[in-house]
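Structural overview for review
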Amino acid sequence: MIPGLIVVAAAGLIFNSLTVEVSGEELRWHFGPGLWSYRLALDEIETVSVVRNKWWNGFGIRMAPSFRLYNVSGLDAVELYLKSGDTRRIGTDDPQGLAAALKRATGGV
C-alpha cells in the first residue's frame, strides 16, 4: 500500500503543471518541477493551430495515432505540424496566446 501511495504522490508532483516557453530560437516545455523537459527548434515548425482534444486523449504524455500530446488539464491545446511530418499537441489554458506567440516567433507559420 505504501509503495502505491508513493507512486501516486510522485505522479501528482510531476504532472501537476505544464510550463511552456517560447524563446527566439526554440519552444521549451516541462512538467512540474522540470524533471522532464522538451525542446523544439522553431524552424522545425511548419504550421501552428489551436485545437480541442477529445476527453479520451487523456492527460500527461500520450501518443495517439496521428499526434503526440503533452497535457495536464483541460482539452485546449496548440497543434504543431512539423516539417518532419510529425505532430505535437501542447495543452494550455491559453491556446490563442501560445499560438500567437509561436506565430510571431516563427514569422507567421
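Heads up: these notes are all about the structure in this document. (Residues numbered from 1 in each chain as written. Predicted model: local features only at pLDDT ≥ 70, side-chain atom pairs only at ≥ 80, totals over all residues. Heavy atoms only, no water.)

**Points about the pairing of strand 7 (residues 76–82)**
Counting buried residues along strand 7, 5 of its 7 residues qualify, which places the element largely inside the surrounding structure. Pairing between strand 4 (residues 45–52) and strand 7: 7 bridges, direction antiparallel. Considered in strand 7, the bridge of Arg52 is made with Asp76. As paired elements, strand 7 and strand 8 (residues 87–91) share 5 bridges and run antiparallel to each other. In the sheet register, Ala77 faces strand 8, and the bridge partner there is Gly91. Hairpin connection of strand 7 to strand 8: 4 residues between the antiparallel strands, including Gly85 at a positive phi of 100 degrees. (Buried < 20%, exposed > 50% of the residue type's maximum accessible area, 1.4 Å probe, protein only. Helix = DSSP H or I, 4+ residues; strand = E, 2+ residues; numbered from the N terminus. Pairing = 2+ DSSP bridges.)

**Details of the sheet that holds strand 7**
To summarise the sheet geometry, strands pair through backbone hydrogen bonds and adopt either a parallel or an antiparallel arrangement. Reading across from one edge, 4-7-8-6-5 is the order of the 5 strands in this open sheet, with mixed pairing throughout. Edge positions in the sheet fall to strand 4 and strand 5 (60–63), since each of these pairs with one other strand and no more. Averaged over neighbouring strand pairs, the angle between their axes works out to 20 degrees when direction is ignored. Sheet topology note: the strand 6 (residues 68–71)/strand 8 ladder contains 3 bridges and is parallel. Within strand 8, the position partnered with Leu69 by the bridge is Arg89. Across the sheet, helix 2 (residues 95–106) touches strand 4, strand 7 and strand 8, and the angle it forms with strand 4 is around 170 degrees. (Axes fitted to C-alpha atoms, helices over the stretch in contact; angles between N-to-C directions. Contact = heavy atoms within 4.5 Å.)

**Points about the pattern of salt bridges**
All chains considered together, the criterion is met by 6 salt bridges. Between Arg28 and Glu21 there is a salt bridge; the shortest N-O distance is 3.3 Å. Assessed through its relative accessible area of 24%, Arg28 is described here as partly exposed. On the basis of relative accessibility, which here comes to 36%, the residue Glu21 falls in the partly exposed class. With a closest N to O distance of 2.8 Å, Glu79 and Arg89 form a salt bridge. Taken as a pair, Glu79 in strand 7 and Arg89 in strand 8 lie far apart in primary sequence, 10 residues in all. (Salt bridge = Lys/Arg side-chain N within 4 Å of Asp/Glu carboxyl O.)

**A few points about the sheet that holds strand 2 (residues 26–31)**
If you trace the 3 strands from one edge of the open sheet to the other, you get 1-2-3, paired in antiparallel fashion. The sheet is open, and its two borders are formed by strand 1 (18–22) and strand 3 (37–41), each paired with just one other strand. On average, each strand axis in the sheet is inclined to that of its neighbour by 15 degrees, with strand direction left out of account. As judged from the 5 bridges shared by strand 1 and strand 2, these two strands associate in the antiparallel manner. Looking across to strand 2, one finds that Val20 is bridged to Trp29.

The quantities given are spatial measurements derived from coordinates; they are silent on function.
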